[in-house]
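# Working through the structure, step by step
Each chain, letter by letter, is given below.
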Amino acid sequence: MTEPAPSARRISERLLSATGDAMLRGDFDEFAAYFALPQRIGTFDGSRVLTTRTELRDTFEAVRAHYKRLNVTDMARHCADAIFVDDRTIQSTHVSRLLSGPLLVQEAYPVLSILRKTDAGWRIVSSQYAAPGKAGLNAVLLGARVGV
């Protein structure tokens, strides 16, 4: 008997867990393994496309620096919904909460991501962040050098 295929939600939750853990540990190689290039990032204030591993690393390090400024010790990210668009594409929405100990350090925000199945496994190809405010995370995601 074969095992049933994993649900879109389980795939999304697995990627959320792996990328969140890698981000908090500062393990760029592990983090990058779950992203495809080009990588599309959007916020209410604009969008950008990362085309190189160096651009992905720079964004990873900028987000980590932003989290350090906020004293983030944990990210609580939960899949709100995930559906198969086709057999190789998932559309997923999750809610992110940034915590310093038990305290929420930024208003919770939703993220819409597109996941695509590649020969190497499921990879994130784009994310649209609905984080509040123009500064902080939004600015960092769009390439601003905040607090440097």
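Preceding this paragraph is the structure being described.
In short, a report on the structure. If you're wondering where the values come from, they're calculated on a predicted model, not measured in any experiment. Residue numbers here run from 1 along each chain, matching the order of that chain's written sequence. For this predicted model, a pLDDT threshold of at least 70 governs which residues receive local features, and a threshold of 80 or more governs which side-chain atom pairs are given and counted, while totals over whole chains, interfaces and linings are taken from all residues. For the side-chain quantities, the full set of heavy atoms in the structure was used; hydrogens and water were omitted.

As for its placement among the helices and strands, A65 is situated in helix α3 (residues 53–69). Taking C-alpha positions, A65 is 26 Å from S92, a pair spaced 27 residues apart along the chain. Secondary structure elements follow DSSP: runs of H or I no shorter than four residues count as helices, runs of E no shorter than two count as strands, and numbering proceeds from the N terminus.

With that settled, consider the pattern of salt bridges. Pairing of side chains with opposite charge becomes possible as their charged atoms draw close. We define a salt bridge as a side-chain nitrogen of Lys or Arg found within 4 Å of a carboxyl oxygen belonging to Asp or Glu. Overall, the coordinates contain 2 salt bridges when judged by the stated rule. Notably, a salt bridge pairs R25 with D27, separated by 3.4 Å at the nearest N-O pair. Classification of residues uses two cut-offs on accessible area relative to the type maximum, computed with a 1.4 Å probe and protein chains only: under 20% is buried, over 50% is exposed, and between them is partly exposed. What makes R25 exposed here is its relative accessible area of 53%. Here D29 ties to R53 by a salt bridge, and the two come within 2.5 Å at their closest N and O atoms. Residue D29 is located in helix α2 (residues 28–32), and its partner R53 is located in helix α3; the two are separated by 24 residues in the primary sequence. Residue classification places D29 among the partly exposed positions, given a relative accessible area of 48%. Given the relative accessible area of 42%, R53 is considered partly exposed.

Turning our attention to the pairing of strand β1 (residues 35–43). Where β1 meets strand β7 (residues 121–129), 4 bridges bridge the pair, whose relative direction is parallel. Looking at β7, one finds that I41 is bridged to S127. Judged from the 5 bridges that link them, β1 and strand β2 (residues 46–50) form a sheet pairing that is antiparallel. The residue bridging R40 from the neighbouring strand is V49, located in β2. As consecutive antiparallel partners, β1 and β2 are separated by 2 residues. Should DSSP find at least two bridges between two strands, the strands are taken to pair.

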